[in-house]
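Fold and geometry: a report
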Amino acid sequence: MKKKLLFLCILLFTFGSASAQSSGYQDNPKCNPLVNVFLKQYHTRGLSAASKAFAQHGITQGQTSVVLYCNDEATTMNTLESMGLRPRAITPTIVTVTLPVDQIETVANLASVRRLNGMHQHNLKLNLARSATKVDAVQAGTDLDTPYTGKGVVVGIIDQGIRFDHPAFRVTTDSTRIVAAWNLTNSVAGDPSYNSAKVLALADDGLDETHGTHVAGIAASGSAMGSDTYYGMAPEASIVAVSSSDFSDADILNGIQLVKKVAAQRHAPWVVNMSIGSLLDAHDGYDDTSLLLDSIAQDGGIFVASAGNEGGDNYHAQHTFTADGDTAFFVVNDNGASYYMLSFAGSDNTKFKITPYVYNPTTKAITSISFRLRLLYYESAGEVNEASGRYSAMVYAQPSGLLDTNTGYIVFEIVGKAGQTIHAWTDGNTGASFYNSPTDNRLATADASYTVCSPSLSRSAISVGSYVTRRSWTALDGGTYSYTNSPLVGSLSSFSSVGPTTDAALLKPEVCAPGQGIISSIKKVGDYAQDAASAYLISKQSLGGQDYYYAIMQGTSMASPAAAGIIALWLQANPDLTRQQVLDIIKETSTPFSGQSQSTWDPSYGYGKIDAYAGLKKALSLPTAIATVKNSSTPLTIKKGASQWNILFNSDESFARLSLTSLDGRQCYAKTLTNVHRGQEEIVSFSGLTRGVYILNVKTRNSNASRKVMVD
């Protein structure tokens with residue numbers, strides 16, 4: 001996740017907005033406030049001006065993606081199709097659709113639609129990483145029955161800047177492990193591509209960004225055609241790559257739906273990585289995006305998301321009132337930003353009014369802003385969230401207009417009641433942050449706590465922070481470079497967002513993974529590949545006359561796919577793992593940071609550093625895993641080949657029963673042997689079986705052994 005976050009709020013109606021009153025547009029109660037704010041600007045200023053405030057790629061083309069909450073899904077789908085649109089059903093009550101901007105109000109007013117949610121956006125947030133997390137031991141099969149490489153597991157990547165044809169994802173020159181690719185970068189995208197020829201023909205998503213290629217490489221790149229050094233955590237997993245330019249809720253839902261579809265077709269477990277986030281919500285897991293993830297979560301599907309890169313900045317401020325009528329001032333240093341957005345959250349359902357003033361940091365004087373300027377450059381909106389019962393509000397401000405001829409910062413006044421706590425966050429993407437004054441106790445306290453971002457705040461997601469695995473490196477140009485002021489190797493990255501959350505029961509982040517100094521595949525764009533002397537370029541390879549690159553990057557965006565790839569290894573070992581079981585594994589097996597106790601949650605570290613090897617052994621031992629029962633004499637050995645199991649009997653047996661069954665109980669193979677002699681080998685072939693998970697069982701007088709069989 002880069003240090004810029006786009007607009008996310010959970011607000012449902014506007015209040016105190018002079019500019020709203022002057023626009024002539026009446027808020028639609030079925031639209032969320034960001035849609036209403038956009039429509040006000042659209043009606044008064046036109047599409048171009050309105051789209052700039054939301055920075056959405058698709059809007060500039062007159063299109064946007066929205067989420068519809070429906071009373072009647074079938075009627076909604078039929079009506080939208082009759083309008084020439086292509087809706088997608090996510091659940092029986094949730095539909096996504098891309099539509100022209102001038103049809104937003106028409107769709108919102110359909111009788112079968114309860115609510116239209118749009119304009120929510122998020123933005124972007126190995127060899128040493130594999131060894132640090134003990135993935136190398138898992139991939140080598142050290143003291144395990146078999147190596148684990150993610151084979152048979154689907155890893156979903158929802159990101160941008162994806163190079164679909166990179167050798168890191170290929171098996172041969174003409175085939176790739178990206179089994180489905182979907183380019184949603186223009187809001188009028190076509191259907192996903194499902195075979196290697198079509199995926200490779202896409203080449204890339206056309207964005208001047210390399211983030212998604214790096215993220216996908218960390219999770220699941222391989223060495224078959226790519227680097228034999230800088231490959232990923234799950235190098236044999238199947239990949240579903242979805243590229244989005246805006247990371248709207250609709251794009252996120254559509255991407256997850258594709259991952260689920262592909263996994264279902266393959267009868268495979270799946271994990272989705274989202275190295276994206278937004279600060280603009282109440283930080284309690286009840287924001288729209290988090291609740292949407294919760295609504296589509298199910299066993300067998302695991303969501304992993306980056307915690308955020310706001311750990312080193314004062315993007316958060318808070319104040320607790322000691323008496324009724326007390327006043328707190330939240331001062332924002334705009335750092336030259338032409339606009340910014342803020343999110344405020346109370347501790348209960350008490351509504352509060354937000355009033356803007358001008359603050360002079362030298363004299364500490366607070367002066368009023370004229371009605372005319374507020375009319376043009378300030379808006380606020382708020383609601384009591386139905387799920388949390390807490391009041392929250394959002395503010396949009398243009399400081400250059402509000403300050404007029406004054407000097408200083410914009411300060412927001414809130415009058416509270418005794419015991420009430422108000423938290424506030426800046427959007428982060430504009431560079432605006434809260435201002436602290438050591439001598440003015442009227443100001444709310446600014447700090448970098450409570451900065452874990454949505455969607456990793458979802459109760460269905462695993463939130464991942466970053467720690468350091470590399471501080472210096474040798475680049476492709478032969479030079480040696482290093483991060484300045486970096487913490488020591490093994491320490492928490494200074495940028496890693498930290499908890500707690502505003503809901504004491506919601507413990508975020510949950511775990512940390514390598515995220516600083518990570519080398520992975522990149523797309524040929526910008527400074528990374530066009531500049532041959534780039535300090536960040538590490539390696540280059542050529543294929544078919546094309547140059548492909550690997551580079552070093554840092555961020556919780558890198559830590560999240562590392563954790564997702566490791567979880568894919570666990571899912572290969574135990575396809576039935578639930579999100580709670582994954583969290584239990586993390587809690588019990590993660591390596592504590594210095595000074596941290598085992599299994600103890602910390603608002604900076606979560607439960608510690610993820611341990612792939614210890615976690616995999618724990619996954620194998622869970623009741624849902626297919627356990628192996630052996631006596632001390634090890635009467636038989638079972639080894640997996642490319643298309644068969646080889647069963648070697650280590651002792652004489654009076655009988656042996658072999659069976660292969662599907663997960664639904666259908667027996668696919670059965671054989672009974674008598675008078676088995678030591679050294680005898682039996683072969684069970686997988687040829688002719690449909691793709692899926694099977695159970696191989698070998699029972700003798702002295703043993704009863706079972707193995708999972710993943711047939712591709």
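Residues numbered from 1 in each chain as written. Predicted model: local features only at pLDDT ≥ 70, side-chain atom pairs only at ≥ 80, totals over all residues. Heavy atoms only, no water.

Notes on the pairing of strand β21 (residues 409-415)
Of all seven residues in β21, six are buried; the element is thus mostly enclosed. Pairing of strand β15 (residues 327-333) with β21, which is carried by six bridges, proceeds in the antiparallel orientation. Looking at β21, one finds that F330 is bridged to F412. Judged from the six bridges that link them, strand β17 (residues 354-359) and β21 form a sheet pairing that is antiparallel. Looking at the pairing, T355 lines up with E413 of β21. (Buried < 20%, exposed > 50% of the residue type's maximum accessible area, 1.4 Å probe, protein only. Helix = DSSP H or I, 4+ residues; strand = E, 2+ residues; numbered from the N terminus. Pairing = 2+ DSSP bridges.)

A few points about the nonpolar core
V271 and W570 are the most contacted members of the largest nonpolar core, which has 66 residues in total. When residues of this core are assigned to their parent elements, the largest contribution, 12 residues, is made by helix α15 (residues 556-573). Dropping the residues within four chain positions of it, V271 is found in contact with V154, V155, G156, I302, V304, A564, I567, A568 and L571. By size, the runner-up hydrophobic cluster in this structure holds 32 residues, among which are Y69, I94, L253 and I296. (Core = buried A, V, L, I, M, F, W, Y, C linked by side-chain atoms within 4.5 Å. Contact = heavy atoms within 4.5 Å.)

As for the environment of K708
Secondary-structure assignment places K708 in strand β37 (residues 704-711). The buried category is assigned to K708, whose relative accessible area is 14%. Each C-alpha atom, one on K708 and one on V693, is 6.8 Å from the other, the two residues being 15 residues apart in sequence.

Digging into unusual backbone geometry
If a residue is not glycine, its phi is most likely negative; likewise, a peptide bond is most likely trans. Look at the link from S454 to P455: it is a cis peptide, with omega at 15°. Position of P455 among the secondary structure elements: in the loop between β24 (445-447) and β25 (461-468). For the bond from G499 to P500, the omega torsion is 0°, close enough to zero to count as cis. Mapped onto the elements of the fold, P500 is located in the loop between β27 (480-482) and β28 (511-522). Located in the positive-phi region is N485, a residue other than glycine, with phi close to 55°. Structurally, N485 can be placed in the loop between β27 and β28.

Comments concerning the environment of D249
Topologically, D249 is positioned in helix α10 (residues 249-266). There is a polar contact of 2.7 Å between the side chain of D249 and the side chain of T289. (Polar contact = N/O pair within 3.5 Å; in protein donor to acceptor, adjacent residues only side chain to side chain.)

Notes on the packing of helix α9 (residues 211-220) against α15
Between α9 and α15, the shortest axis-to-axis distance is 7 Å and the interhelical angle comes to 35°. By crossing handedness, the relation of α9 to α15 is classed as right-handed. Contact residues: α9 offers H211, H214, V215, I218 and A219, while α15 offers S557, M558, P561, A562 and G565. A per-class count over the contact of α9 with α15 returns six nonpolar, four polar and no charged. (Axes fitted to C-alpha atoms, helices over the stretch in contact; angles between N-to-C directions. Left-handed = near helix turned anticlockwise from the far one by under 90°. Nonpolar A, V, L, I, M, F, W, Y, C, P; charged D, E, K, R; others polar.)

Regarding the pattern of salt bridges
A complete count under the given rule lists 15 salt bridges for this structure. A salt bridge links R163 to D165; the shortest N-O distance between them is 2.7 Å. Salt-bridge contacts for E510 lead to K508; the nearest nitrogen and oxygen are separated by 3.0 Å. A relative accessible area of 1% means that K508 is categorised as buried. Each of the salt bridges in this network shares a partner with another, and the network as a whole consists of D204, D205 and K523. (Salt bridge = Lys/Arg side-chain N within 4 Å of Asp/Glu carboxyl O.)

Here we look at the packing of helix α16 (residues 579-589) against helix α17 (residues 612-621)
The contact between α16 and α17 brings their axes to 9 Å, and the two run at 130°. In terms of axis orientation, α16 runs oblique to α17. Like other packed secondary-structure pairs, α16 and α17 cross with a definite hand, here right-handed. Along the contact surface, α16 presents I585, E588 and T589, while α17 presents A614, G615, K618 and A619. (Parallel < 35°, antiparallel > 145°, perpendicular 65-115°, else oblique.)

Topic: the side chain of S659
You can see S659 is positioned in strand β33 (residues 653-662). In this structure S659 comes out as buried when scored by relative accessible area, which is 17%. Those residues in contact with S659 that lie beyond four places of it in its chain are Q667, Y669, A670, I695, L696 and N697.

A look at the pairing of β17
A large share of β17 lies buried, amounting to five of its six residues. Pairing between β17 and strand β18 (residues 366-367): two bridges, direction antiparallel. Of the residues in β18, the one forming a bridge with V358 is T367. Counting the residues between successive antiparallel strands, the hairpin from β17 to β18 contains six residues, one of them, K364, with a positive phi of roughly 65°.

Quick word on the sheet that holds β21
Taken in spatial order, the five strands line up as β18-β17-β21-β15-β23 in an open sheet, and their pairing is antiparallel. The open sheet is flanked by β18 and β23 (433-434), the only strands paired with a single partner.

Considerations on α16
What α16 keeps buried is the set R579, Q581, V582, L583, I585, I586 and T589. Close packing links the buried residues of α16 with β13 (301-306), β25, β28, α15 and α17.

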